[in-house]
Amino acid sequence: SCAKLITRFRGSMVGAVIGDCIGACFEMNDEECTKSNILKTIAHIENVKAGKRRKFGEYIYTDDTAMARSVAESLIDNKGFNAKDMAKRFSEEYMREPRRGYGGNVITVFKLLQDPQLEDVFEPARRQFDGQGSFGNGGAMRIVPAPLFSYNKDIEFLQNLTRQITEITHSHYQAIQGTILESLAIYIALHTDNTIPLDTDHYLQQLKKHMNTLEEEGLAQESEKNDKPYCYKLDKMKEYLEQEEVSIDELNEVLGNDVSALGSVPAAIYSFLRSSKPFTDELEDRNGFEKTIIYAISMKGDTDTIASMAGAIAGAYYGIKSIPDSWQHSCEGAIDASKYADKLIDISEELK
Ligand code: F2R
Ligand code: MG
Ligand code: MG
Ligand code: MG
């Protein structure tokens with residue numbers, strides 16, 4: 001029903017903001033990323049004793065959310081993908097607030113996009129890294145509005161939309177494939193019955209089916225590459241979920257935790273899946289959404305982006321009611337995210 005859809009659309013959009021805002025306190029600050037330390041920050045957020053609330057929006061969002069907002073606004077205002085409009089929004093948003101923690105090289109794209117004479121808005125991205133394109137996670141970190149917009153469409157529609165949104169800044173095949181993986185992860189979470197326990201094997205099987213096709217197509221273009229790294233990581237996740245406990249060191253080594261798409265999207269998906277299994281530590285009494293965020297940050301490295309991507313998936317599955325009010329109150333942009341979610345429902349219903 002529509003009420004059920006609202007909780008999951010809002011959960012996904014708000015979940016991404018929460019992961020970004022809380023994760024940003026820990027980005028590239030590995031020694032701080034112990035569970036007890038992360039829980040100290042959470043305790044600060046939840047400390048509402050004596051009727052005193054935390055300052056509204058105290059936790060600031062970064063480039064991840066700034067760009068997701070532009071994606072949402074552009075899809076909503078144009079009722080679909082409009083490359084020029086979306087490129088303009090990315091670039092203007094960067095010029096307006098350049099200090100949101102953007103990637104080191106993507107700002108070159110934003111500057112080139114300012115040129116009113118520019119005919120092909122995909123051109124600056126193709127020129128990055130001597131024509132190789134960026135393999136950063138900047139495409140994946142902002143993609144959450146796309147699977148919501150595509151809710152009533154098929155996977156092919158979702159993949160095409162995702163690819164186009166990504167290619168405005170990221171043209172490397174690993175960035176595109178990683179963004180499609182994140183899009184699929186959110187889309188499948190949204191469509192999965194959350195009244196029964198999550199079947200992590202089935203969820204991974206669905207992702208693998210699509211990624212296998214994508215990576216096989218990719219191999220034809222990349223003759224020197226003879227492996228399918230996203231499929232490999234999905235297989236490792238299945239293996240890890242069958243084990244009692246896997247160390248963060250091993251997860252970092254195999255799944256990654258850096259600013260590349262290949263080194264972060266798998267960590268986000270794993271954080272969501274791990275949250276559906278029991279914990280015997282400090283996370284024991286937390287709900288699935290809370291577990292996802294705290295666990296994602298404990299992966300260290302690019303914590304805002306990993307937690308944001310994990311939050312988008314977890315929010316799509318567990319819904320907005322799983323995100324504590326105090327967390328929403330403390331994170332800048334959470335209320336706006338709910339409003340975007342509601343508009344995306346209306347449009348996705350129109351597209352039926
Ligand atoms: N930039 C950051 N975090 C570091 C600074 C923030 C810190 N809190 C502070 O204030 O100091 N985070 C944000 O960046 C990531 C998204 O980056 P995006 O949009 O993908 O940018 P870019 O520049 O395209 O790529 C990022 C870096 O990846 C390496 N790289 C990418 N493609 C490459 C290629 N083909 N060859 C070699 N290297 C490549 C480069 O080092 C890029 O600078 C998110 O974490 C977001 O939160
Ligand atoms: Mg960021
Ligand atoms: Mg770049
Ligand atoms: Mg980041």
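Above: the structure in question.
Please read all numbers here as calculations on a predicted model, not as lab measurements. Each residue is numbered by its place in its chain's sequence as written, counting from 1. Numbering of ligands from 1 and lettering of chains from A proceed in the order in which they are written. Totals for whole chains, interfaces and linings use every residue, but because this is a predicted model, local features are given only for residues with pLDDT of at least 70 and side-chain atom pairs only at 80 or more, for both listing and counting. Calculated side-chain values reflect all of the structure's heavy atoms, with hydrogen atoms and water omitted.

## Quick notes on the site of ligand 1
Stage number 1. Taken together, 23 residues form the shell around ligand 1, and within it Asn 105, Gln 132, Ser 134, His 170 and Asp 302 come nearest.
Stage number 2. Interatomic distance of 3.4 Å between a backbone N/O atom of Asn 137 and an oxygen atom of ligand 1.
Stage number 3. Nitrogen and oxygen atoms within 3.5 Å of one another constitute a polar contact, given that in protein one can donate a hydrogen and the other can accept it, and given that sequence-neighbouring residues count only through two side-chain atoms. Between an oxygen atom of ligand 1 and a side-chain N or O atom of His 170, the distance comes to 2.6 Å.
Stage number 4. Here the accessible surface of atoms and residues is derived via Shrake-Rupley with a 1.4 Å probe, and residues count as covered only by protein chains that are part of the display. The protein chains hide 70% of the 920 Å² of surface that ligand 1 would expose on its own. Neighbouring residues are identified by heavy atoms, a residue being near a molecule or strand if any of them is within 4 Å of it.

## A closer look at the coordination of the magnesium ion (ligand 4)
Metal coordination angles in their ideal form are 109.5 degrees for the four-donor tetrahedron and 90 or 180 degrees for the six-donor octahedron.
Stage number 1. Ligating atoms shown are N, O and S within 2.8 Å of the metal, or 3.2 Å for Na, K and Ca, and water is not included, meaning a site may look less than complete. Here the magnesium ion (ligand 4) is held by Glu 27 (OE), Asp 302 (OD), Asp 304 (OD) and Thr 305 (OG1), and the distances to it run 2.0 to 2.4 Å.
Stage number 2. A four-donor site is classed as tetrahedral when every donor-metal-donor angle falls between 85 and 135 degrees; four donors are called square planar, and six octahedral, when trans pairs exceed 155 degrees and all remaining angles lie between 65 and 115, with any other arrangement labelled irregular. Bound by six donor atoms, the magnesium ion (ligand 4) shows angles of 76 to 178° at the metal and therefore octahedral coordination geometry.
Stage number 3. Mapped onto the sequence, the residues coordinating the magnesium ion (ligand 4) show the spacing E-x274-D-x1-D-T.
Stage number 4. Between the magnesium ion (ligand 4) and the magnesium ion (ligand 2), a spacing of 3.7 Å is present, and a bridge between the two is formed by Asp 304. Of the two residues, Glu 27 is situated in the loop between helix H1 (2-23) and helix H2 (35-46) and Thr 305 in helix H15 (residues 303-318); the sequence distance between them amounts to 278 residues.
Stage number 5. Burial classes follow relative accessibility: with a 1.4 Å probe on protein chains only, a residue under 20% of its type's maximum area counts as buried, one over 50% as exposed, and anything between as partly exposed. Accessibility expressed as a relative area gives 2% for Thr 305, which makes it buried. Put simply, DSSP marks the helices as runs of H or I at least four residues long and the strands as runs of E at least two long, and each gets a number from the N terminus on.

## Regarding the coordination of the magnesium ion (ligand 2)
Stage number 1. The protein atoms that coordinate the magnesium ion (ligand 2) are Thr 62 (OG1), Asp 63 (OD), Asp 64 (OD) and Asp 304 (OD), at distances of 2.1 to 2.3 Å.
Stage number 2. Along the chain, the residues donating to the magnesium ion (ligand 2) fall in the pattern T-D-D-x239-D.
Stage number 3. Its relative accessible area of 1% is what places Asp 304 among the buried residues.

## Looking at the packing of helix H3 (residues 63-78) against helix H4 (residues 83-96)
Stage number 1. One way to put it is that H3 packs onto H4 with a least axis distance of 9 Å and a crossing angle of 145°. Relative to H4, the crossing made by H3 is right-handed. Across from Ala 66, Met 67, Ser 70, Val 71, Glu 73, Ser 74, Leu 75, Asp 77 and Asn 78 in H3, the residues of H4 making contact are Asp 85, Met 86, Arg 89, Phe 90 and Glu 93.
Stage number 2. Counted by class, the contact of H3 with H4 contains six nonpolar, three polar and five charged residues. Here the axes come from fitting lines to C-alpha atoms, over the contacting stretch only for helices, and the angles between their N-to-C directions go from 0 to 180 degrees. In this scheme the handedness of a crossing depends on how the near helix is turned from the far one: anticlockwise by less than a right angle means left-handed, clockwise means right-handed. Only heavy atoms matter for contacts: two residues are in contact if any of them lie within 4.5 Å across the pair. Throughout this entry, Asp, Glu, Lys and Arg are counted as charged residues, while Ala, Val, Leu, Ile, Met, Phe, Trp, Tyr, Cys and Pro are counted as nonpolar. The remaining residues, Gly among them, count as polar.

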